Amino acid sequence: SVVYQGHVLSATVGILLACSVIVALLIGQRSGSLLWVSPYSLLVAAVYVVAMKLGYAHEKRRAAQMFEVLKAEERYGAISSRKAWLYFSFYAAITVAASIFLPSTAVEVAQQTGLGQTIVGTLFVALSTTLPELVVSISATRSGAIDLAVGNIFGSNIFNFLILAVSDLFFVQGPLFAFVSPRHLFSLVSIIAMTAVSVIGLTYRAEKKLFLLSFDSFVIFLIYAANVVALFLF
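What about helix α8 (residues 184-204)?
Consideration 1: An ideal rise of 1.5 Å per residue puts 30 Å on 21 residues; α8 measures up with 30 Å between its terminal C-alpha atoms.
Consideration 2: If you check which residues of α8 are buried, you get Ser187, Leu188, Ser190, Met194, Thr195, Val197, Ser198, Val199, Gly201 and Leu202.
Consideration 3: In this structure, the buried side of α8 is in contact with α1 (7-27), α6 (117-142), α7 (146-170) and α9 (215-233).
Consideration 4: Within two residues after α8, arginine 205 carries a phi angle of roughly 55°, on the positive side.

See below:
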């Protein structure tokens with residue numbers, strides 16, 4: 001009820017990208033390729049670039065942004081720009097270094113447990129790689145930077161789709177989407193549903209909570225739980 005409604009732009013872009021990937025998975029090999037890259041990977045990259053330009057232009061027109069910048073400078077004036085960038089780069093490097101070893105160990109977990117790469121990737125690897133985002137968003141929320149927390153989530157969501165397009169460049173056996181399990185459709189549909197509920201929450205802006213959660217957050221939890229059950233059943 002207090003977050004900036006402009007986040008609807010990045011949320012709906014996430015829905016658009018998820019729909020593009022669903023079509024790519026359904027078509028599979030029939031989509032053809034440009035060299036070895038799926039045309040849908042190029043579409044995802046193009047949509048991402050356009051969305052970033054639109055978002056940047058939209059934020060520039062936002063009058064309240066100047067107030068937020070001045071407020072941030074007043075609060076963090078003791079920290080120099082150079083020091084902030086050094087800290088940011090250092091902690092980002094630690095995150096990247098740890099992530100290098102994650103795929104090989106995740107494959108081993110999938111083989112040892114028999115759960116399969118789809119479930120291990122969707123649940124355990126996704127949780128591991130999202131933990132930094134979780135900590136950042138909770139810390140930002142606790143410090144009152146609500147829009148930073150929400151922007152982190154929606155921005156990361158659409159950037160993750162861009163990762164699919166980039167990964168396709170390194171997968172030289174053919175179009176990436178033609179080789180992945182169709183079970184990912186469950187997750188894609190869940191992404192669309194959860195994001196749609198978020199858009200409803202941003203628009204309706206309910207001010208009451210149900211068991212410490214707003215109605216949209218409660219529904220998002222239910223959709224995620226249903227996705228987990230579907231992955232195990234199918």
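Brief notes about the side chain of aspartate 168
Consideration 1: Topologically, aspartate 168 is positioned in helix α7.
Consideration 2: Its relative accessible area of 0% is what places aspartate 168 among the buried residues.
Consideration 3: Within the structure, aspartate 168 has its side chain in polar contact with the backbone nitrogen of serine 38 (distance 2.9 Å).
Consideration 4: Here the side chain of aspartate 168 touches leucine 176 through a polar contact of 3.1 Å, landing on its backbone nitrogen.

Structural notes on the packing of aromatic side chains
Consideration 1: In this structure the tally under the stated criterion is five aromatic pairs.
Consideration 2: Measuring from ring centre to ring centre gives 5.9 Å for tryptophan 85 and phenylalanine 88, while their planes differ by 80°; the resulting arrangement is edge-to-face. Placement of the pair is tryptophan 85 and phenylalanine 88 together in helix α4 (residues 81-100), with a separation of three residues, close to one helical turn. Residue tryptophan 85 shares its accessibility class with phenylalanine 88, and that shared class is exposed.
Consideration 3: Judged by centre distance (5.2 Å) and plane angle (65°), the rings of phenylalanine 90 and tyrosine 91 are edge-to-face.

A closer look at the environment of alanine 98
Consideration 1: Examined against the element boundaries, alanine 98 turns out to sit in helix α4.
Consideration 2: Along the primary structure alanine 98 and threonine 129 are separated by 31 residues, whereas in three dimensions their C-alpha atoms are 9.8 Å apart.

Concerning a nonpolar patch on the surface
Consideration 1: Taken together, the side chains of Leu86, Tyr87, Phe90, Tyr91 and Ile94 make up a nonpolar region of the molecular surface, amounting to roughly 560 Å² of accessible area.
Consideration 2: Here phenylalanine 90 lies in helix α4.
Consideration 3: Residue phenylalanine 90 is classed as partly exposed on the basis of its relative accessible area, which comes to 49%.

Concerning the packing of helix α5 (residues 102-113) against α6
Consideration 1: The interhelical angle for the contact between α5 and α6, taken along N-to-C directions, is 140°, at an axis separation of 10 Å. Looking at the two axes, α5 sits oblique to α6. Viewed along their axes, α5 and α6 form a crossing whose handedness is right-handed. From α5, Leu102, Ala106, Val107, Val109 and Ala110 reach across to α6, where they touch Gln117, Val120, Val125, Ser128 and Thr129.
Consideration 2: Among the residues forming the contact of α5 with α6, the class breakdown is seven nonpolar, three polar and no charged.

Here we look at the confidence of the model for the protein chain
Consideration 1: When pLDDT is averaged across the protein chain, the result is 81; 89% of the residues are at 70 or more.
Consideration 2: Summarising per-element confidence for the protein chain, the mean pLDDT is lowest in helix α3 (residues 64-75) (54) and highest in α8 (90).

Some details on the packing of α7 against α8
Consideration 1: Where α7 contacts α8, the axes come no closer than 13 Å and their chain directions differ by 150°. Overall, the two elements α7 and α8 adopt an arrangement that is roughly antiparallel. In the packing of α7 onto α8, the handedness of the crossing is left-handed. Only Leu188, Ile191, Thr195, Ser198 and Leu202 of α8 make contact with α7, whose side of the interface consists of Phe154, Asn157 and Phe161.
Consideration 2: Considering only residue class, the contact of α7 with α8 consists of five nonpolar, three polar and no charged.

Cut-offs and rules
Residues numbered from 1 in each chain as written. Predicted model: local features only at pLDDT ≥ 70, side-chain atom pairs only at ≥ 80, totals over all residues. Heavy atoms only, no water. Helix = DSSP H or I, 4+ residues; strand = E, 2+ residues; numbered from the N terminus. Expected span 1.5 Å × (residues − 1). Buried < 20%, exposed > 50% of the residue type's maximum accessible area, 1.4 Å probe, protein only. Contact = heavy atoms within 4.5 Å. Polar contact = N/O pair within 3.5 Å; in protein donor to acceptor, adjacent residues only side chain to side chain. Phe/Tyr/Trp six-rings, centres within 6.5 Å; stacked < 30°, edge-to-face > 60°. Patch = residues over 30% accessible without salt bridge, like charges linked within 9 Å, V, L, I, M, F, W, Y side chains within 5 Å. Areas by Shrake-Rupley, 256 points an atom, 1.4 Å probe, with all protein chains shown as cover. Salt bridge = Lys/Arg side-chain N within 4 Å of Asp/Glu carboxyl O. Axes fitted to C-alpha atoms, helices over the stretch in contact; angles between N-to-C directions. Parallel < 35°, antiparallel > 145°, perpendicular 65-115°, else oblique. Left-handed = near helix turned anticlockwise from the far one by under 90°. Nonpolar A, V, L, I, M, F, W, Y, C, P; charged D, E, K, R; others polar. pLDDT = per-residue confidence, 0-100.

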